[in-house]
Amino acid sequence: MSWELAGASLKLIMAGMEPVKDAPLSKKGYWRVGGPADLMVDVNDESQLATVMDTDLPVTVLGNGSNLLVADSGIRGIVIRLRGTFRALAFKDPSVPSGLTDTLNSESGLAVVGAGMMNAVLLNKLDKMGVAGLGCLAGVPGTVGGAIRMNAGTRLGEIGSKVAFVRIMLPNGDIKNLTADALGFRYRWASLPNGAVVTRVGLFVSKDGYDVERESIREHLEYRKGSQPLDQPSCGSTFKNPPGDAAGRLIDAAGLKGAIEGGAKISEKHANFFVNTGNATAMDLYRLIKRAQDTVAEQFGIKLEPEVHVVGDWPEGLWPL
Ligand code: EPU
């Protein structure tokens, strides 16, 4: 381990964290590929996060790895997972004069959610309280922070339209609260400052419309089950949909269903899902993604843009596509 890494590691330990060196990541991501992180550490609160930021090593946030392509040679610097207070849920309830509460008593208010909470856990908790508003996250794997970073969504809507504020920490340790306007949400895109870590999010929720939302979620999950290969390792949609069309339709029409590069394969069930058949490498996935992009461009003159987030130490010149 380099002196820089050893120094950073010591600093994290002094702040109560337990960094792991050469931490394997291949089991952490949905694609099951990628090399190790120099250091991986679970971070429990903003003070620990500030310590991580202060090490001067590059910081990569690992959410649930459900939309992440990690390079075969891994990730240099520190990979963090948001735990502890970053997994809390409270409500800002207009019927309660100040502060946060455990439940939403009035018809609508804000869910104040830690960025490390899984979308599914959040939806489950809200469901038990009869609170609606975030149906757009139904079936979306990953964490709330990850959902904000890419304005995740489905045909039921996008998370960006539910945002009241997003709290971030900048690389210099400063905290900022951004409004939805400042984040400029677009289809699968949000404007976050370079190196910023999302720590907490305020989302509009409501007791109104609970039954209607339940039903549309049920229908949507049925639709996904019928149209997506959810039983195989993938990162969901590989490419964003181009305006007015669908990446899955284009890759399918290009005749690429079932196409293979090493252990990576374009699903026969949904052509925008690229699956690991068992022994894929990150480079296999790169080759398949590039091949699909090139073929669709040749045949239809449309340049597909990857939706998956690419991280780590790749050979030069491969990304961005
Ligand atoms: N299609 C084909 N062949 C295929 C796959 C799709 O012709 O192999 C056609 C379908 O028939 C349909 C169109 O392409 O007419 C769109 O397909 P689909 O309805 O499956 O939706 P999608 O646009 O591929 C989007 C999201 C998904 C989300 C679903 C359902 C994007 C990039 N993807 O998929 O999100 O689950 O709608 O709400 O916007 C994700 O972001 O990872 C993701 C899975």
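It should be noted that the structure appears before, not after, this text.
Computed from a predicted model, the values in this text were never measured in an experiment.

Focus: the sheet that holds strand S3 (residues 59–61)
- The strand order across the open sheet built from 4 strands is S1-S2-S5-S3, with neighbouring strands paired in mixed fashion. Two strands close off the open sheet at either side, each with one partner strand: strand S1 (20–23) and S3. Going from strand to strand, the sheet's axes swing by 35° on average, the running direction of each strand aside.
- Here strand S2 (residues 37–43) pairs with strand S5 (residues 75–82) via 6 bridges, running parallel. When the bridges of S5 are listed, Met 40 appears paired with Val 79.
- Against the sheet, helix H1 (residues 3–14) makes contact with S2 and S5, and its axis sits at roughly 10° relative to S2, the strand it touches most.
- Strands in contact with helix H2 (residues 46–53) are S2, S3 and S5; relative to S2, the strand with the most contacts, it is inclined by about 160°.

Overview of the pairing of S5
- By the criterion of burial, S5 is predominantly enclosed, with 7 of the 8 residues buried.
- Inspection of the sheet shows S3 paired to S5 by 3 bridges, in the parallel sense. By the bridge assignment, Val 61 is partnered in S5 with Ile 80.

Comments concerning the site of the ligand
- What surrounds the ligand is a group of 21 residues, the closest being Tyr 187, Tyr 223, Asn 241, Asp 252 and Glu 307.
- Between the ligand and the protein, one listed contact pairs an oxygen atom with a backbone N or O atom of Ser 237 at 2.9 Å.
- One of the backbone N or O atoms of Ala 271 is found 2.9 Å from an oxygen atom in the ligand.
- Contact with the protein chains covers 76% of the free accessible surface of the ligand, which is 830 Å².

Focus: the pattern of salt bridges
- One pass over the full model with this rule turns up 15 salt bridges.
- Glu 268 serves as the salt-bridge partner of Lys 265, at 3.8 Å between the closest nitrogen and oxygen.
- Here the residues in one salt-bridge network are Asp 38, Arg 76 and Asp 313, joined through shared partners.

A short note on the sheet that holds strand S7 (residues 108–114)
- With respect to topology, 5 strands assemble into an open sheet ordered S6-S7-S12-S10-S11, the strand pairing being antiparallel. The open sheet terminates on both sides in strands that have one partner only, identified here as strand S6 (89–92) and strand S11 (175–179). The mean angle between the axes of side-by-side strands here comes to 20°, regardless of whether they run parallel or antiparallel.
- Note: strand S10 (residues 163–169) against S11, 5 bridges, orientation antiparallel. Note that in S11 the partner of Met 169 across the bridge is Ile 175.
- Against the sheet, H2 makes contact with S10, S11 and strand S12 (197–206), and its axis sits at roughly 50° relative to S10, the strand it touches most.
- Taken strand by strand, helix H3 (residues 119–128) contacts S6, S7 and S12, and its axis lies near 55° from that of S6.

Thoughts on the side chain of Arg 167
- In this fold, Arg 167 is placed in strand S10.
- Overall, the relative accessible area of 17% leaves Arg 167 in the buried class.
- A distance of 2.8 Å separates a polar atom in the side chain of Arg 167 from a polar atom in the side chain of Glu 46.
- Contacts of Arg 167, omitting those with residues within four sequence positions, involve Glu 46, Ile 175, Lys 176, Asn 177, Val 197, Val 198, Thr 199 and Arg 200.

Examining helix H6 (residues 210–227)
- For H6, spanning 18 residues, the distance from its first C-alpha to its last is 26 Å, which sits close to the expected 26 Å at 1.5 Å a residue.
- Buried residues belonging to H6 abut strand S8 (153–154).

Some points on helix H8 (residues 282–300)
- An ideal rise of 1.5 Å per residue puts 27 Å on 19 residues; H8 measures up with 27 Å between its terminal C-alpha atoms.
- Listing the buried residues of H8 in full gives Ala 282, Met 283, Asp 284, Leu 285, Tyr 286, Leu 288, Ile 289, Ala 292, Gln 293, Thr 295 and Val 296.
- Each element contacted by the buried residues of H8 is listed here: strand S4 (68–70), helix H7 (247–253), strand S13 (260–261), strand S14 (264–266) and strand S15 (274–276).
- Just downstream of H8 lies Gly 301, where phi reads positive at about 65°.

Cut-offs applied
Residues numbered from 1 in each chain as written. Predicted model: local features only at pLDDT ≥ 70, side-chain atom pairs only at ≥ 80, totals over all residues. Heavy atoms only, no water. Pairing = 2+ DSSP bridges. Helix = DSSP H or I, 4+ residues; strand = E, 2+ residues; numbered from the N terminus. Axes fitted to C-alpha atoms, helices over the stretch in contact; angles between N-to-C directions. Contact = heavy atoms within 4.5 Å. Buried < 20%, exposed > 50% of the residue type's maximum accessible area, 1.4 Å probe, protein only. Near = heavy atom within 4 Å. Polar contact = N/O pair within 3.5 Å; in protein donor to acceptor, adjacent residues only side chain to side chain. Areas by Shrake-Rupley, 256 points an atom, 1.4 Å probe, with all protein chains shown as cover. Salt bridge = Lys/Arg side-chain N within 4 Å of Asp/Glu carboxyl O. Expected span 1.5 Å × (residues − 1).

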